[in-house]
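So you can see what is in the structure, the chains are spelled out below.
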Amino acid sequence: MSVNVLFVCLGNICRSPTAHGIFQQRVETAGLSTLINVDSAGTGDWHIGKGPDARAAAAAARRGYDLSALRARQVSAEDFAQFDYVLAMDRDNLRNLSLIKPEDYSGRLDLFLHFGPYAEVDEVPDPYFGGEEGFEYVLDLVEAASDGLLKDIVARHRL
Ligand code: 4NP
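Note that this is a predicted model, so its numbers are computed, not measured.

Cut-offs and rules
- Counting of residues starts from 1 at the beginning of each chain's written sequence and follows it residue by residue.
- Residue-level local features of this predicted model are given only where pLDDT is at least 70; pairs of side-chain atoms are given and counted only at 80 or more, and the full residue set underlies all totals for whole chains, interfaces and linings.
- With hydrogens and water stripped out, all remaining heavy atoms of the structure feed into the side-chain values.
- Runs of E in the DSSP output that reach at least two residues are strands. Runs of H or I that reach at least four are helices, and both are numbered from the N terminus.
- Definition of nearness: a residue and a molecule or strand are near each other if at least one heavy atom of the residue lies within 4 Å of the molecule or strand.
- For the purposes of these results, a polar contact is taken to be a pair of N or O atoms within 3.5 Å, where, inside protein, one atom must be able to donate a hydrogen and its partner to accept one; residues adjacent in sequence count only when each atom of the pair is a side-chain atom.
- For the area figures, the Shrake-Rupley method with a 1.4 Å probe applies, and any residue is considered shielded solely by the protein chains shown.
- Side-chain classes are defined by residue name, with Ala, Val, Leu, Ile, Met, Phe, Trp, Tyr, Cys and Pro counting as nonpolar, Asp, Glu, Lys and Arg as charged, and the others, Gly among them, as polar.
- Every angle, taken between N-to-C directions, lies between 0 and 180 degrees, and every axis is a line fitted to C-alpha atoms, over only the stretch in contact when it is a helix.
- Our angle categories are set so that under 35 degrees counts as roughly parallel, over 145 as roughly antiparallel, 65 to 115 as roughly perpendicular, and the remainder as oblique.
- Definitions for this section: a left-handed crossing has its near helix turned counterclockwise from the far helix by less than a right angle. A right-handed crossing has that turn clockwise.
- Contacts were defined at the residue level, with two residues in contact if any of their heavy atoms lie within 4.5 Å.
- We call two strands paired when DSSP finds no fewer than two bridges between them.

Trainee: Can you help me understand unusual backbone geometry in this one?
Mentor: Trans peptide bonds make up the majority, and among non-glycine residues the majority have a negative phi. Its identity as a non-glycine residue notwithstanding, Asn-12 has a phi of 60 degrees, on the positive side. Locating Asn-12 in the fold gives a position in the loop between strand 1 (3-9) and helix 1 (15-29). The residue Arg-158 is not glycine, and still its phi comes out positive at about 50 degrees. Inspection of the secondary structure assignment puts Arg-158 in the segment after helix 5 (132-156).

Given below as structure tokens:
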């Protein structure tokens, strides 16, 4: 049985593709890519079919992550049937996901940063309307939470 992880933000062009690419790399490095599937989606529909934001892709590439193959899609209620972890970047995303979550969902719908090491920050701020430093901050937060998430999955699912 594989473990399926879905990262969700608003547009699926900045934060969740960044999480997708970074966590995928962590999974591959750990030799777990046949056991852990990774995907990302947005609550909004504006960017469906588009690749990641150029600023997010460039910032990720500077740290060695290739986001170029990713394409934006919109999250749907059907995703809850497939994904064991549905991880939101901020409370707004989490609220919108809660509205479409089937009542019998038995997986984990949560804020992604609840797997991170920071007690005082639990949201990945939207970098879309800001400057370069916002994209670097997204990378810092996502790298830290990805390590925590992988540890949690490995322990919980005895991988
Ligand atoms: P994301 O960033 O949710 O991290 O992908 C955004 C991308 C696009 C928009 C907002 C946030 N937008 O308003 O188009």
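Trainee: Explain the site of the ligand to me, please; I cannot follow it from the model alone.
Mentor: By nearness alone, every residue bordering the ligand is listed as Cys-9, Leu-10, Gly-11, Asn-12, Ile-13, Cys-14, Arg-15, His-47, Asp-126, Tyr-128 and Phe-129. Measuring from an oxygen atom of the ligand, one finds a backbone N or O atom of Gly-11 at 2.8 Å. Contact with the protein chains covers 91% of the free accessible surface of the ligand, which is 350 Å². The class makeup of the residues in the shell around the ligand is 6 nonpolar, 3 polar and 2 charged.

Trainee: How do you make sense of the packing of helix 1 against helix 5 when you look at a structure like this?
Mentor: The relative placement of two packed helices is expressed as an angle between their axes plus a distance between the axes. It is at 9 Å that the axes of helix 1 and helix 5 come closest, and there the two elements cross at 45 degrees. Viewed along their axes, helix 1 and helix 5 adopt a mutual orientation that is oblique. At the point where helix 1 passes helix 5, the crossing takes the right-handed sense. Of the residues in helix 5, those touching helix 1 at Arg-15, Thr-18, Ala-19, Ile-22, Phe-23, Arg-26 and Val-27 are Val-138, Leu-139, Val-142, Glu-143, Ser-146, Asp-147, Leu-149, Leu-150 and Ile-153. Residue composition of the contact of helix 1 with helix 5, by class: 10 nonpolar, 2 polar and 4 charged.

Trainee: Teacher, can you tell me more about the sheet that holds strand 2 (residues 36-42) here?
Mentor: Within a sheet, neighbouring strands are paired by backbone hydrogen bonds and run either parallel or antiparallel to one another. Overall, parallel pairing links the 4 strands, which are arranged 2-1-3-4 in an open sheet. Looking at which strands have only one partner, the edges of the open sheet turn out to be strand 2 and strand 4 (108-111). The sheet shows a mean angle of 20 degrees between the axes of neighbouring strands, taken without regard to direction. Where strand 3 (residues 85-88) meets strand 4, 4 bridges bridge the pair, whose relative direction is parallel. By the bridge assignment for strand 4, Val-86 is matched with Leu-109.

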